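Spelled out from the first residue to the last, the chains are:
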Amino acid sequence: MAWIIIISTMVLGAGLGALVYFRASAGSLEIGQELKAIRAQGVNLEAEACVGASLDWYQTSCDAPGKMCIDAVPRLVGECLAAKDRTDACVRLGNAMKPSQWAYEHCKERGIDRSSKRPLKESCTQAWRALDSYCKSGQKGVAL
């Protein structure tokens, strides 16, 4: 009886491991395709619209498991912003250190506030922080 339990547990563990691997692999491919697509869209979007497009993707399209979608949001913002020169937007934002309240206020404008689910709040604040860090880096990239 003990061998049946041990073998069953091993088979179940291997099955769950394979399922997680294939879902993560598919999620990684999806995120890679979206990174290419949003760069093409970024040519026609303003800086704030890049943040909005990334959050829209997170809320409606991302099917990757776990935290993969949340971690992809700042990368998407960075790819979108890199599609063209954002000097005007960065001048508008200024180079002063933004308090955490700054990102929260922008999220609140989208209807994401303290009562929203934590992953949604986290993705929103990361998106706005990505825009801020992109400008502070001299348009070289986003701090992840």
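Residues numbered from 1 in each chain as written. Predicted model: local features only at pLDDT ≥ 70, side-chain atom pairs only at ≥ 80, totals over all residues. Heavy atoms only, no water.

A.B. asks: Explain the environment of Val11 here, please?
C.D. replies: You can see Val11 is positioned in helix H1 (residues 2–42). Look at Val11 and you get exposed, because its relative accessible area is 55%. The spacing of Val11 and Ser25 is 14 residues in sequence and 21 Å in space, taken between C-alpha atoms. (Helix = DSSP H or I, 4+ residues; strand = E, 2+ residues; numbered from the N terminus. Buried < 20%, exposed > 50% of the residue type's maximum accessible area, 1.4 Å probe, protein only.)

A.B. asks: Hey, could you run me through the nonpolar core in this one?
C.D. replies: Within soluble globular proteins, side chains that are nonpolar tend to cluster in buried spots. Val51, Leu55, Trp57, Tyr58, Leu81, Trp128 and Leu131 are the most contacted members of the largest nonpolar core, which has 36 residues in total. Those residues in contact with Trp128, other than ones at most four positions away along the chain, are Glu48, Val51, Leu55, Trp102, Ala103, His106 and Cys107. (Core = buried A, V, L, I, M, F, W, Y, C linked by side-chain atoms within 4.5 Å. Contact = heavy atoms within 4.5 Å.)

A.B. asks: I'm lost on unusual backbone geometry in this one. Help?
C.D. replies: Most peptide bonds adopt trans geometry, and most residues besides glycine take a negative phi value. Although it is not a glycine, Gln139 adopts a positive phi angle of roughly 65 degrees. With respect to the secondary-structure elements, Gln139 resides in the segment after helix H6 (118–136). Taking the relative accessible area as the measure of exposure, Gln139 reaches 23% and is therefore partly exposed.

A.B. asks: Hey, could you run me through the packing of aromatic side chains in this one?
C.D. replies: Here a ring pair, both rings aromatic, is described through the centre-centre distance and the interplanar angle of the planes. Applying the stated criterion to the full structure yields two aromatic pairs. Pairing Tyr21 with Phe22 gives two aromatic rings, centres 5.1 Å apart and planes at 75 degrees, and the pair type is edge-to-face. Here Tyr21 and Phe22 have matching classes, each one exposed. Aromatic pair Trp102 and Trp128: ring centres 6.0 Å apart, planes at 90 degrees, arrangement edge-to-face. Of the two residues, Trp102 is situated in helix H5 (residues 100–109) and Trp128 in helix H6; the sequence distance between them amounts to 26 residues. You can call Trp102 buried: its relative accessible area is 16%. (Phe/Tyr/Trp six-rings, centres within 6.5 Å; stacked < 30°, edge-to-face > 60°.)

A.B. asks: Help me out: how do you make sense of the packing of H5 against H6 in this one?
C.D. replies: The relative placement of two packed helices is expressed as an angle between their axes plus a distance between the axes. Axis separation between H5 and H6 bottoms out at 9 Å; the angle between their running directions is 120 degrees. Accordingly, the angle class assigned to the pair H5 and H6 is oblique. In the crossing of H5 with H6, the sense of the turn from one axis to the other is right-handed. Each of Ser100, Trp102, Ala103, His106 and Cys107 in H5 lies in contact with H6, whose residues at this interface are Cys124, Thr125, Trp128, Arg129 and Asp132. Of the residues in the contact of H5 with H6, the class split is five nonpolar, three polar and two charged. (Axes fitted to C-alpha atoms, helices over the stretch in contact; angles between N-to-C directions. Parallel < 35°, antiparallel > 145°, perpendicular 65-115°, else oblique. Left-handed = near helix turned anticlockwise from the far one by under 90°. Nonpolar A, V, L, I, M, F, W, Y, C, P; charged D, E, K, R; others polar.)

A.B. asks: How should I be thinking about the pattern of salt bridges in this particular structure?
C.D. replies: When the charged atoms of two side chains lie near each other, side chains of opposite charge can form a pair. Following the criterion strictly, the structure yields six salt bridges and no others. Here Lys67 ties to Glu122 by a salt bridge, and the two come within 3.3 Å at their closest N and O atoms. Taken together, the residues Lys67 in the loop between helix H2 (47–60) and helix H3 (68–81) and Glu122 in helix H6 connect sequence positions 55 residues apart. Judged by relative accessible area, which is 44%, Lys67 ranks as partly exposed. One salt bridge connects Lys136 with Asp132, and the closest N-O pair in it is separated by 2.6 Å. With Lys136 and Asp132 both in helix H6 and four residues apart, the pair spans about one turn of that helix. Judged by relative accessible area, which is 31%, Lys136 ranks as partly exposed. With relative accessibility at 4%, the residue Asp132 sits in the buried group. (Salt bridge = Lys/Arg side-chain N within 4 Å of Asp/Glu carboxyl O.)

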